Amino acid sequence: MGFWTLPCRNRVRRPSINSQTAHCKTCRTYPCYITGMVVTILFTGLCMDMWQHHVWLSWIDFPNLHEDIFCGGKFVGYDHKFGLLKRVMVYPQQCARAATKEEMKLKMPWHPEYERYDGHCQLRKGFFKIDCDVPSYTFIERNGFISHLNIWMDVLTKQSEKSMQQVRNVKIENMFTIAFPRYGYTNSFCNIIELYNSYLVMSFFGTKPKDTNILLIDTLPSGSFDSVWRTLFGKVTKMSGINKATKFEKMVWGPQDYSSPMMQHEGDTLPLVENFSTFVLDQYKIPNNHNLNCNNVNVLFIWRRGSENRKIKNEGQILDTIQKKYPSFTLKGLELAPLDMKKKLQIIARTDILIGMHGADLTYSLFLPKHAGVIELYPKSWEKLKYQPLIDKYDRFEALGKWRGIVYSPWVNLDEENELENDFTVIPPETMLNLFEDTLRNICSDNVSKKIVGFT
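Below you will find a few notes about this structure. Since the structure is predicted, the reported quantities are computational estimates derived from the model, not experimental observations. (Residues numbered from 1 in each chain as written. Predicted model: local features only at pLDDT ≥ 70, side-chain atom pairs only at ≥ 80, totals over all residues. Heavy atoms only, no water.)

1. Some points on the overall build of the protein
For the protein, the helix and strand inventory stands at 12 helices and 24 strands. Contacts in the protein between residues far apart in sequence, at least 24 positions, make up 75% of those at least 6 positions apart. With an accessible surface of roughly 19,900 Å², the protein has 49% of that area assigned to carbon and sulfur atoms. (Helix = DSSP H or I, 4+ residues; strand = E, 2+ residues; numbered from the N terminus. Contact = heavy atoms within 4.5 Å. Areas by Shrake-Rupley, 256 points an atom, 1.4 Å probe, with all protein chains shown as cover.)

2. Thoughts on the side chain of Q94
Considering the arrangement of structural elements, one finds Q94 in the loop between β7 (82-90) and β8 (95-96). Its relative accessible area of 18% is what places Q94 among the buried residues. (Buried < 20%, exposed > 50% of the residue type's maximum accessible area, 1.4 Å probe, protein only.)

3. Observations concerning the state of the cysteines
A covalent bond between the sulfur atoms of two cysteines is what we call a disulfide. Summed over all chains, the structure comprises 2 disulfides. Each sulfur of the disulfide joining C71 and C132 lies 2.0 Å from the other. Linking C71 and C132, the disulfide has an S-S dihedral of approximately 65° and is accordingly described as right-handed. With C71 in the loop between β5 (67-70) and β6 (75-78) and C132 in the loop between β10 (128-130) and α3 (148-155), this pair connects stretches of sequence that are 61 residues apart. Paired through a disulfide, C294 and C444 show a sulfur-sulfur distance of 1.9 Å. Measuring the twist about the S-S bond at about -105°, one finds the C294-C444 disulfide to be left-handed. (Disulfide = S-S within 2.5 Å.)

4. Remarks on the packing of aromatic side chains
Taken as a whole, this structure holds 30 aromatic pairs when the rule is applied. Measuring from ring centre to ring centre gives 6.0 Å for F233 and F279, while their planes differ by 55°; the resulting arrangement is tilted. Residue F233 is found in the loop between α6 (226-232) and β15 (235-238), and its partner F279 is found in helix α7 (residues 273-283); the two are separated by 46 residues along the sequence. For the pair F233 and F279, a shared accessibility class is recorded, and that class is buried. Site record: aromatic cluster; members linked through ring pairs are F180, Y196, Y199, W229, F233, F276, F279, Y364 and F367. Sitting over the ring of Y91, K129 keeps its end group 5.0 Å from the ring centre. A cation over an aromatic ring shows up here: R396 above the ring of F189, its NZ or CZ 4.3 Å from the ring centre. (Phe/Tyr/Trp six-rings, centres within 6.5 Å; stacked < 30°, edge-to-face > 60°. Lys NZ or Arg CZ within 6 Å of the ring centre and 35° of its normal.)

5. Here's the deal with the pattern of salt bridges
Using the criterion set out here, one finds 16 salt bridges in the structure. Its salt-bridge partner being D133, residue K158 comes within 3.2 Å of it at the nearest N-O pair. One end of the pair, K158, is in strand β11 (residues 156-158); the other, D133, is in the loop between β10 and α3, and 25 residues separate them in sequence. A salt bridge links D211 to K210, with the shortest nitrogen-to-oxygen separation between them at 3.4 Å. Where salt bridges share partners, they join R87, E161, K247 and E249 into one cluster. (Salt bridge = Lys/Arg side-chain N within 4 Å of Asp/Glu carboxyl O.)

6. Observations regarding the sheet that holds strand β22 (residues 407-412)
One open sheet accounts for 5 strands, arranged β19-β17-β20-β21-β22; its pairing is parallel. Edge strands, defined here as strands with exactly one partner in the open sheet, are β19 (330-334) and β22. Taken over all neighbouring pairs, the strand axes of this sheet differ in orientation by 15° on average, direction set aside. Pairing of strand β21 (residues 373-378) with β22 involves 6 bridges; the strand directions are parallel. (Pairing = 2+ DSSP bridges. Axes fitted to C-alpha atoms, helices over the stretch in contact; angles between N-to-C directions.)

7. Here's the deal with the packing of helix α5 (residues 188-204) against α7
Geometrically, a packed helix pair is captured by the angle between its two axes and the distance between the axes. With their axes 11 Å apart at the nearest point, α5 and α7 run at an angle of 105° to one another. When the interaxial angle is binned, α5 and α7 end up roughly perpendicular. The residues of α7 that touch α5, namely those facing I192, L195, Y196, Y199 and M202, are N275, F276 and F279. Here the contact of α5 with α7 is composed, by residue class, of 7 nonpolar, 1 polar and no charged. (Parallel < 35°, antiparallel > 145°, perpendicular 65-115°, else oblique. Nonpolar A, V, L, I, M, F, W, Y, C, P; charged D, E, K, R; others polar.)

8. Details of the pairing of β5
Looking at chain direction, β5 and β6 are connected through 4 bridges and run antiparallel. Bridging across to β6, F70 finds its partner in F75. Between β5 and β6, which pair antiparallel in sequence order, lie 4 residues; one of them, C71, sits at a positive phi of approximately 55°.

9. Thoughts on unusual backbone geometry
In this model, N169 sits at a positive phi of 55°, which is unusual for a non-glycine residue. Structurally, the position occupied by N169 is in the loop between α4 (161-166) and β12 (171-173). One non-glycine residue with positive phi stands out, namely K285, at about 55°. Position of K285 among the secondary structure elements: in the loop between α7 and β17 (298-302).

10. A few points about the sheet that holds strand β24 (residues 424-425)
Strand order in this open sheet of 3 strands is β18-β24-β23, and the pairing throughout is mixed. Pairing within the sheet leaves two strands with one partner each, and these edge strands are β18 (311-312) and β23 (419-420). Pairing analysis gives 2 bridges linking β23 to β24, with the strands arranged antiparallel. Across the sheet, the residue bridging to E419 is T425, located in β24.

11. Here's the deal with helix α10 (residues 396-404)
Given 3.6 residues per helical turn, the α-helix brings residues three or four places apart onto the same face. Counting buried residues in α10 gives 7 out of 9 residues, a clear majority hidden from the surface. Listing the buried residues of α10 in full gives R396, F397, A399, L400, G401, W403 and R404. Looking at the buried residues of α10, the elements they touch are α5, α7, β21 and β22. Capping the start of α10 is the job of one residue whose side-chain oxygen sits 3.2 Å from the backbone nitrogen of F397: D395. One or two steps after α10, the chain reaches G405, where phi turns positive at roughly 75°. (Polar contact = N/O pair within 3.5 Å; in protein donor to acceptor, adjacent residues only side chain to side chain.)

12. Structural notes on the packing of helix α8 (residues 315-325) against helix α11 (residues 429-443)
For the pair α8 and α11, interaxial distance at closest approach is 9 Å and the crossing angle is 50°. With respect to α11, the axis of α8 lies oblique. In the crossing of α8 with α11, the sense of the turn from one axis to the other is right-handed. In this structure, α8 uses Q317, I318, T321, I322 and K325 to contact α11, whose residues at the interface are P429, M432, L433, F436 and E437. A breakdown of the residues in the contact of α8 with α11 according to their chemical character gives 6 nonpolar, 2 polar and 2 charged. (Left-handed = near helix turned anticlockwise from the far one by under 90°.)

Worth remembering: the numbers are spatial, not functional.
If you want it as structure tokens, here you go:
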């Protein structure tokens, strides 16, 4: 039994945590328990992944976190990235008709992704109320995006506790609540960022998934990720489900998605990335124990047939080229979008090499085995894509590969003749085979790779 001392939360003012179970890849059945300042490892070496992330969050860095406390702790700002409100009232009638894309374009015509705000409530003063003078506090905005947190500060007003008690038929929500509006709610990348952010917030405050309420402050319709939120967390509340004034005993204003550590591509590590991956797989009861067999590699091509852009023209040809060279390998090509989350994760968790055009579904590389490899393909026009100005030093999926320690290989088409109408790209079969074999060499050790039939 080993012991290590970690930077304790109580060295900085924050909610106390008496005991918390931390999941990590190598100790799924032997959890580590955090108690005070000492981590008890039930079996030596089993939880080194957790130890490597003892400073859990880049924007929630425990020893260095700056807290601004107002109103005797009823409003706490954390490094201007997110906030905690206690005994806060929400008045749903102050959520007006959602903004349309056209309205958002008028508000921020300079920004290529103004449509991300489609479906956000047009909040009026008094949507949020707390029993104190509203502090002068500003949240950080990143990449030119308007943060919902600053909008929420503008509509936060004062209401005395006595006045709150006089409001009729008030509902009391005692569950720990994380509130945010969804951005790009049909996009896998945006949704997984928000799942990850919520997991970080939940971990920071030491709450359990079953005791966490997710409050979606938008008027967006139901989507494919609705069931995911319900699977991962104890409760999900939408604005459409709040029909009267509600007092939340403890509400966290969740961070803007583009302020997430997952969007800080230049960072060397992503806080709790393996813990988050294991958490999601565990909640879906999906084993995370797939071992690499270099003579029977599982290969998954992600197709984008239903997309408007970045589609592969010669899907069958590149599949046949690899299968002919490696007949013992299992190759699949499919679209992930039509599948439910559990089916997606079941496939991804057993994939050794993931290949696809740049797109949101490559975010599922978060749930690949640790030995896996990713090949990301780009059309010739990729630099002109509208998200490009938002990218930091690293591309988002290159960064995910770096953070998880998996093999990542990009390829950009430079031959105009490979670009066809309707945003189709031809991937030269020999080029694809070379990329594949380079990745195979990297994920297989030298002594094993020499045994691969047909491998040179």
